[in-house]
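One letter stands for each residue in the lines below.
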Amino acid sequence: MSGFQGISALCENPNEVFLDVSKLLLTYADNILRNPNEEKYRSIRLGNPTFSTKLLPINGAVECLFEMGFEEAETHLVFPKSASVDQLRRVRETIAAERNQRLGSDPNTTSSQNTSSCSTSSSPAASTPAQTPAPQSTTQPSTQPSTQPSTQPSTQPSTQPSTQPPTQQQSLLSSMTFLRTLQSNFQHVLLYESADMQQKALNCIPREDLCSRAKERLEQARKADPDCSLAEEDMLVLELLQWFKGDFFSWVNSLPCSRCGGNTQSAGSLQPSADDLRWDANRVENHYCNTCHLTTRFPRYNNPEKLLETRRGRCGEWANCFTLCCRALGLEARYIWDCTDHVWTEVYSHSQQRWLHCDPCENTCDKPLLYEIGWGKKLSYIFAFSKDQVIDVTWRYSCKHQEVISRRTQVQETWLLHTINGLNAVRQQALSADRKKELLERLVVELVEFISPKSPKPGELGGRISGSLAWRAARGETGADGTKEKAAGFVFIPTETEKRVKLFHLQYNITKDCYCRVSNDQEKIPGWEKCVWSNESVFRKEEHDWQIVYLSRTEGTSLGKLCWRFVCAPVGMKIKSVSIRAISQTFHSGTVRWSLRSAQTSVEFPGDGKMHSVAGLSGSTELVVEAELSGGDGDAGWQHAQLFRQNMKETETSSFEIIVEMEDA
């Protein structure tokens, strides 16, 4: 009826629920409309009891706030000054009209049937994890977060796809299998709390070095952005990820033959020994050498203490050992289990007051849509396990909630909800009231994040990089479209300062991974992807053993392209002259082709590190810089064409520079 999916979802609630919630929503809207300059009316604290108990659990309620124009901040929903008051008024009037109609027809009705004229068609808003709490939740005191069903993300059983219902026995078996998985992981994470095990991890970690680098990284971030609110702890997470992947742990596709050192291939499983079982290796792979016919055993250890010694494995071993390292450094961390066969870690950021996705296999932080969008995974159930809590965090990792819901068919959502609450109730019995309150407040913030609209960032668009190409391809994780990343879409447009001096001067330093707009008061922009117009199969590679960093195309691809775009027409300027300097390096048959183009012309230039004045662009209002990487020999051919190759110790040398002189159009 309205075109607003949140309102449509809200209308599907029982009539009494709709009337209560719509009254609150109208109050929020009217406060802003009547007092547009009062900041206190433009902000809703997520921990506010009214919000967390009366709005958050109700289907469609928070979505209506988003449709009004509210946006998620760290601990609040905020109606920014840039938001459209007309949009707010339209949503408000639509809710009011529906409410008036219901009150006019039968204001005292308490029927649980939906009598609304709202559309009942399925919508993303109707499928988000915040749902009406189960009836018994109303009897739980607010000081008991572990037993409140409304504090766990869930979906109503009615959202399940229409399929042949399983038999009672099948349903029971599936539920018991699921329960054993939850219990096993929930018990396993207690290993990370062992003081002896944490000390062994600390003996392996170069703590002082990582902390020193974290301080330097934070200083650079604050120089780039004086308003930076991050803490040293956030930077320590990044340094730990980098050290873990670059220096400490190694990936195993197949082990080299223990006799001749040659290649082996998987040949099934072997019986675990008593020592294997001691370290929780119930599965032992047989890596067989066809040359000398020798079997090399690969126990899949599940004990993080043993992994501190072996320092190798696949994602299971990586996440297991990395989570222990996080706990050893005093970071709040939890183990993330994805039923589509991947695991990783989350670390709590106190400065940002939220959980950060951390994948040690990929050296990736805070890119939760990487798996669904970048790898093309079909997600269904993802759980976070910590010493205090298990939480269904599926919704953090998806922007396709309706598709995810259609795949959540292993157990009933109501059963899952109560099972998780039961596990948490037992685990949290010994916790203090303050700790329980802290966990509840964090969870409320998480639930709002889960149902907030998401869109992928450039770093979440690429396929998996850990593991061999064959292994990744077999798992369907080379990328949603095979090899390519989608356009980032950033465009450089002259600022008022650059317009005044009629100069655009950009530098990029790959060691610091930071851009500098020299002619715009030395503005710093960290992250090479942040300013890219388009990216096709290119990523940043750090070789810590050689202390070298560069950009190259991703493994298994034959072509990589990277573009930067500059447009000056919006500020009434045109190009007078262009000078450019770029560094590229090739090996064997690898090639890099640099070009500058406008609507009228295209000019190639060498990546020899020298400044080149490029003719033929005068009078244009835009230009595109493109680097095309191709060629190379053998399996490592993707590395044979590199951009901006530089020693990590050369921190003051820019790898890429462009100077555009402008004049009035």
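Given the structure is predicted, the values throughout are model-derived calculations rather than measurements.

Visitor: What is the right way to look at the overall build of the protein in this model?
Guide: Helix and strand counts for the protein stand at 18 helices and 29 strands. With 665 residues in all, the protein has 51% of them scored as buried. Partitioning the contacts of the protein with sequence separation of at least 6, the portion at a separation of at least 24 is 71%. Within the structure as shown, the protein displays about 29,500 Å² of accessible surface, and the carbon and sulfur contribution to it stands at 48%.

Visitor: Please explain the sheet that holds strand S22 (residues 573-582) as it appears in this structure.
Guide: Either a parallel or an antiparallel arrangement is found when strands of a sheet pair, and the pairing is made through backbone hydrogen bonds. Reading across from one edge, S17-S16-S15-S29-S22-S26 is the order of the six strands in this open sheet, with antiparallel pairing throughout. Two strands close off the open sheet at either side, each with one partner strand: strand S17 (523-526) and strand S26 (612-614). Averaged over neighbouring strand pairs, the angle between their axes works out to 20° when direction is ignored. Note: S22 against S26, three bridges, orientation antiparallel. Across the sheet, the residue bridging to Val578 is Val614, located in S26.

Visitor: How should the confidence of the model for the protein be read in this particular structure?
Guide: Predicted coordinates in regions of low pLDDT should not be interpreted in detail. Averaged over all residues, the pLDDT of the protein equals 84, while 84% of them reach at least 70. The secondary structure element of the protein with the lowest average pLDDT is helix H17 (residues 469-474), at 54, and the one with the highest is strand S13 (residues 382-385), at 98. Scored below 50 in pLDDT, residues 119-164 makes 116 contacts in the model with residues more than four places away or belonging to other chains. A low-confidence stretch, residues 480-488 (pLDDT under 50), is modelled with 28 contacts involving residues beyond four sequence positions or located in other chains.

Visitor: Whenever I open this one, the packing of helix H2 (residues 15-34) against helix H4 (residues 61-68) confuses me. Can you help?
Guide: A packed helix pair is summarised by two numbers, namely the angle formed by the two axes and the spacing between the axes. Remark: H2 packs on H4, axes separated minimally by 11 Å, with the N-to-C direction vectors making an angle of 25°. Taken together, the axis directions place H2 and H4 in an arrangement best described as roughly parallel. By crossing handedness, the relation of H2 to H4 is classed as right-handed. For the pair H2 and H4, contact is made by Val21, Leu25, Tyr28 and Ala29 and by Ala61, Cys64, Leu65 and Met68, respectively.

Visitor: Looking at this structure, I do not really get the sheet that holds strand S10 (residues 342-349). What am I missing?
Guide: Spatial strand order, S12-S11-S10-S9-S13-S14: six strands in an open sheet with antiparallel pairing. Only two strands of the sheet have a single neighbouring strand rather than two, namely strand S12 (364-365) and strand S14 (390-392). The pairing of S10 with strand S11 (residues 354-359) spans five bridges and is antiparallel. Directly across from Thr345, in S11, lies its bridge partner Cys358. Strands S13 and S14 of the sheet are contacted by helix H15 (residues 413-427), whose axis makes an angle of about 160° with S14.

Visitor: Before we go on, may I ask you to explain the pairing of strand S9 (residues 333-338) in this structure?
Guide: It is a general feature of regular strands that their side chains alternate between the two faces of the sheet. Counting buried positions along S9 gives five out of six residues, so the element sits mostly inside the fold. Here four bridges tie S9 to S13, and the two strands are oriented antiparallel to one another. In the strand pairing of S13, Tyr335 is matched with Phe385.

Visitor: Before we go on, may I ask you to explain empty space enclosed by the protein in this structure?
Guide: Gaps left between atoms are located by rolling a probe of water-molecule size over the structure's atoms. Inspection of every chain in the model, using the stated rule, returns three cavities of 30 Å³ or more. Here the largest cavity defines a volume of roughly 50 Å³. Forming the boundary of the largest cavity are Phe492, Phe504, Leu506, Trp564, Arg565, Phe566, Leu623, Val625 and Ile658. Contributions of two or more residues to the lining of the largest cavity are made by strand S15 (503-509), strand S21 (559-567) and strand S27 (622-630). No other element matches S21, which puts three residues into the lining of the largest cavity. Of the residues belonging to the lining of the largest cavity, the class tally is eight nonpolar, no polar and one charged.

Visitor: For this particular structure, what's the right way to read the packing of aromatic side chains?
Guide: Ring pairs (aromatic) are described by centroid distance and by the angle formed between their planes. Under the counting rule described, the total for this entry stands at 35 aromatic pairs. Between the aromatic rings of Trp344 and Tyr397, the centroid separation amounts to 5.0 Å while the plane-to-plane angle is 65°, which identifies the pairing as edge-to-face. Residue Trp344 is found in strand S10, and its partner Tyr397 is found in the loop between S14 and helix H14 (401-407); the two are separated by 53 residues along the sequence. Arranged with centres 6.4 Å apart and planes meeting at 15°, the rings of Trp564 and Trp594 form a pair that is stacked. Here Trp564 is found in strand S21, whereas its partner Trp594 is found in strand S24 (residues 591-597), with 30 residues between them in sequence. Exposure class is identical for Trp564 and Trp594. Each is buried. What links up through ring pairs into an aromatic cluster is the set Phe178, Phe186, Trp337, Tyr381, Phe383, Phe385 and Trp415.

Visitor: Sorry if this is basic, but what is going on with the pattern of salt bridges here?
Guide: Opposite charge on two side chains permits pairing when their charged atoms draw close. Per the stated rule, a full pass over the model turns up 43 salt bridges. Between Arg283 and Glu285 there is a salt bridge, with its nearest N and O atoms 3.3 Å apart. Residue Arg283 is classed as partly exposed on the basis of its relative accessible area of 43%. Its relative accessible area of 8% is what places Glu285 among the buried residues. The network of salt bridges with common partners includes Glu332, Lys387, Asp388, Arg435, Glu438 and Arg442.

Visitor: Whenever I open this one, the packing of helix H9 (residues 232-248) against helix H12 (residues 315-328) confuses me. Can you help?
Guide: Packing of H9 against H12 leaves a shortest axis separation of 11 Å and a crossing angle of 130°. Comparing their axes, H12 and H9 come out oblique. Once H9 is placed against H12, the crossing between them reads as right-handed. Contact with H9, carried on its side by Leu240, Leu241, Phe244, Lys245 and Phe248, involves Trp318, Cys321, Phe322, Cys325 and Cys326 of H12 and no other residues of that element.

Visitor: In this structure, what is going on with the environment of Phe605? I would like to understand it.
Guide: Among the secondary structure elements, Phe605 is positioned in strand S25 (residues 602-605). Looking at Phe605, the relative accessible area reads 8%, which means it is buried. Setting aside anything within four residues of it in sequence, one finds Phe605 in contact with Ile580, Ala582, Trp594, Ser595, Leu596 and Val625.

Visitor: What should I look at first to understand the side chain of Arg565 in this one?
Guide: Within the secondary structure, Arg565 sits in strand S21. A polar contact is formed between the side chain of Arg565 and the side chain of Glu622, at a distance of 3.2 Å. For Arg565, the contacting residues outside a window of four places in its chain are Phe490, Val491, Phe492, Trp533, Glu622, Leu623 and Val624.

Visitor: Would you mind going over helix H7 (residues 195-204) with me for this structure?
Guide: For an α-helix, the turn length of 3.6 residues means that residues three or four places apart are oriented alike. When H7 is considered as a whole, its buried residues turn out to be Met197, Gln198 and Ala201. All buried residues of H7 fall inside an arc of 100° around its axis, so they share one side. Facing away from the buried side of H7 by over 90 degrees, the exposed positions are Ala195, Asp196 and Asn203. Where the residues of H7 are buried, they touch helix H11 (304-310) and H12.

Criteria and cut-off values
Residues numbered from 1 in each chain as written. Predicted model: local features only at pLDDT ≥ 70, side-chain atom pairs only at ≥ 80, totals over all residues. Heavy atoms only, no water. Helix = DSSP H or I, 4+ residues; strand = E, 2+ residues; numbered from the N terminus. Buried < 20%, exposed > 50% of the residue type's maximum accessible area, 1.4 Å probe, protein only. Contact = heavy atoms within 4.5 Å. Areas by Shrake-Rupley, 256 points an atom, 1.4 Å probe, with all protein chains shown as cover. Pairing = 2+ DSSP bridges. Axes fitted to C-alpha atoms, helices over the stretch in contact; angles between N-to-C directions. pLDDT = per-residue confidence, 0-100. Parallel < 35°, antiparallel > 145°, perpendicular 65-115°, else oblique. Left-handed = near helix turned anticlockwise from the far one by under 90°. 1 Å grid on protein atoms, 1.4 Å probe; cavity = no way out; pocket = protein on both sides within 12 Å on 5 of 7 lines; lining within 4 Å. Points joined across faces, edges and corners; volume = space filled by probe spheres on them. Nonpolar A, V, L, I, M, F, W, Y, C, P; charged D, E, K, R; others polar. Phe/Tyr/Trp six-rings, centres within 6.5 Å; stacked < 30°, edge-to-face > 60°. Salt bridge = Lys/Arg side-chain N within 4 Å of Asp/Glu carboxyl O. Polar contact = N/O pair within 3.5 Å; in protein donor to acceptor, adjacent residues only side chain to side chain. Arc of directions from axis to C-beta.

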